Amino acid sequence: MKNKRGKKLAMTEAEFKAAYEQLEEGQFLEALDIANRASMVHGGYQHYTSVSKFCKMVKGKSMWLSRLDSPSLNDLHEANKYGRDWRRMYVGCFSYGRSENALLWKMYCKPNRDAIRVLISQEGMKRFKEYLQNAANVEAHHVVKRDDRFVVSSRQAALVHGGVFDVLYAAVKDCRLGCERCNDLMWNSCHLHIPELAEVIKAQTLEGFFKDCEWRGEQETRIFVKTTNVSSSAERLAIRIPDEVLNSMSIVLSPWADTAHCVDVTKRLERLFAEQGLKVPRIRRSYLTGALDSWEKNVRKGQRKR
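1. Comments concerning the overall build of the protein
Part 1 of the reasoning: Counting its regular elements, the protein contains 10 helices and 15 strands.
Part 2 of the reasoning: Sorting the 306 residues of the protein into buried and exposed places 48% on the buried side.
Part 3 of the reasoning: Look at the contacts in the protein between residues 6 or more apart in sequence, and 78% of them connect residues 24 or more apart.

2. Considering the packing of helix α1 (residues 13-21) against helix α2 (residues 28-38)
Part 1 of the reasoning: Following both chains from N to C, one finds α1 and α2 inclined at 175 degrees, their axes separated by 10 Å at the closest point. Regarding the angle of α1 to α2, the classification is roughly antiparallel. Where α1 approaches α2, its residues F16, A19 and Y20 are matched on the opposing element by A31, I34, R37 and A38.
Part 2 of the reasoning: Residue composition of the contact of α1 with α2, by class: 6 nonpolar, no polar and 1 charged.

3. A short note on the nonpolar core
Part 1 of the reasoning: Counting residues in hydrophobic clusters, the biggest one holds 75 residues, and the most contacted among them are Y20, F54, L168, L185, F210 and I223.
Part 2 of the reasoning: Counting residues per element, this core draws most heavily on α2, which supplies 6 residues.
Part 3 of the reasoning: Residues in contact with L168, not counting those within four places in the same chain, are Y20, A31, L32, A35, L185, M186, W187, F209, F210 and K211.
Part 4 of the reasoning: Counting 8 residues, the second-largest nonpolar core is a separate cluster that includes Y48, W105, C109 and W256.

4. Concerning the pairing of strand β12 (residues 220-227)
Part 1 of the reasoning: By the criterion of burial, β12 is predominantly enclosed, with 8 of the 8 residues buried.
Part 2 of the reasoning: Where burial is concerned, the two faces of β12 agree: the one with E220, R222, F224 and K226 and the one with T221, I223, V225 and T227 are both buried.
Part 3 of the reasoning: Bridge count for strand β3 (residues 89-96) against β12 is 7 bridges, and the pairing is antiparallel. Of the residues in β12, the one forming a bridge with M89 is K226.
Part 4 of the reasoning: In the sheet, strand β7 (residues 159-166) pairs with β12 via 7 bridges, with the strands oriented antiparallel. In the strand pairing of β12, D166 is matched with T221.

5. Details of unusual backbone geometry
Part 1 of the reasoning: Of note in the backbone geometry, K61 takes a positive phi value of approximately 50 degrees without being a glycine.
Part 2 of the reasoning: Tracing the backbone shows K61 in the loop between α3 (51-60) and β2 (62-67).
Part 3 of the reasoning: At N188, a residue that is not glycine, the phi angle is positive and equals roughly 50 degrees.
Part 4 of the reasoning: Mapped onto the secondary structure, N188 falls in the loop between β9 (184-187) and β10 (190-193).
Part 5 of the reasoning: Take N188: its relative accessible area is 8%, and that puts it in the buried class.

6. Structural notes on the side chain of S248
Part 1 of the reasoning: Relative to the helices and strands, S248 resides in the loop between α8 (243-246) and β14 (249-253).
Part 2 of the reasoning: Owing to a relative accessible area of 18%, S248 belongs among the buried residues under this scheme.
Part 3 of the reasoning: Excluding its chain neighbours within four sequence positions, the residues that come into contact with S248 are L119, I120, S121 and G124.

7. Digging into a nonpolar patch on the surface
Part 1 of the reasoning: A cluster of nonpolar side chains, contributed by W64, F150 and V152, occupies part of the molecular surface with about 270 Å² of accessible area.
Part 2 of the reasoning: Tracing the chain through its elements places F150 in strand β6 (residues 149-156).
Part 3 of the reasoning: Among the residues examined, F150 registers a relative accessible area of 38% and is labelled partly exposed.

Reading guide: rules and limits
Residues numbered from 1 in each chain as written. Predicted model: local features only at pLDDT ≥ 70, side-chain atom pairs only at ≥ 80, totals over all residues. Heavy atoms only, no water. Helix = DSSP H or I, 4+ residues; strand = E, 2+ residues; numbered from the N terminus. Buried < 20%, exposed > 50% of the residue type's maximum accessible area, 1.4 Å probe, protein only. Contact = heavy atoms within 4.5 Å. Axes fitted to C-alpha atoms, helices over the stretch in contact; angles between N-to-C directions. Parallel < 35°, antiparallel > 145°, perpendicular 65-115°, else oblique. Nonpolar A, V, L, I, M, F, W, Y, C, P; charged D, E, K, R; others polar. Core = buried A, V, L, I, M, F, W, Y, C linked by side-chain atoms within 4.5 Å. Pairing = 2+ DSSP bridges. Patch = residues over 30% accessible without salt bridge, like charges linked within 9 Å, V, L, I, M, F, W, Y side chains within 5 Å. Areas by Shrake-Rupley, 256 points an atom, 1.4 Å probe, with all protein chains shown as cover. Salt bridge = Lys/Arg side-chain N within 4 Å of Asp/Glu carboxyl O.

Shown next, in the form of structure tokens:
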């Protein structure tokens with residue numbers, strides 16, 4: 001698409017989806033290219049966590065990434081099935097889109113008033129990608145466990161490269177598990193048939209960019225960095241978050257929080273951002289406030305039974 005002066009405009013998310021749907025069977029590398037370029041056109045990037053963890057992130061201006069074989073990642077099959085060099089790859093996970101997602105509240109937060117959703121704007125994620133791609137200047141430190149505590153190493157980790165990528169979801173056919181899967185590669189609700197999908201994925205050094213198709217509802221965008229060597233004791237990597245990224249954030253408070261707690265948390269977060277010399281973010285209550293209370297009640301009921 002071009003503007004009136006004939007200058008080529010960046011493609012929109014809808015145009016990337018149309019391009020993916022027009023791919024021909026087996027165009028694996030073309031699908032990867034679309035997922036890479038489209039990672040910067042989404043309306044926002046959501047991260048579901050807790051108030052306490054988020055405050056540590058803002059105060060330290062750093063984010064902890066997980067190594068691909070870490071139990072903290074939800075797809076434990078991923079490291080074994082998709083890629084070969086997973087012990088040097090560290091990722092941080094977001095869901096693209098601006099609307100709250102009830103299932104993500106459930107998957108990544110405890111159903112209590114400490115839950116929080118952080119949204120990074122499109123411009124903020126672009127700044128994050130630019131920062132990560134200049135690997136030589138990225139501040140990264142391994143996080144090791146000592147005496148049951150996680151400690152950030154003082155020695156800086158050496159990186160090969162980093163960036164941002166949309167995850168693709170693979171339906172790899174496996175005769176042991178029935179015939180429902182059909183060697184499709186999915187992105188943003190679009191399907192592409194890759195006849196030799198399992199072999200093609202393993203032949204590439206593309207760990208971190210694929211998950212099983214059953215996770216496709218997450219619509220995940222990942223930030224990633226790859227280290228030059230393996231640190232078997234470090235399942236996490238702390239990287240600096242540029243101020244431009246922190247300044248692009250907005251926040252949604254827990255759907256399980258009452259009015260008084262929301263007021264307290266809002267003041268706490270506003271004060272924290274101001275103390276760090278950052279732009280005070282937009283903070284609002286969840287549109288799902290009160291709608292998910294049954295989840296919290298079920299957790300309490302289960303705790304009483306134990």
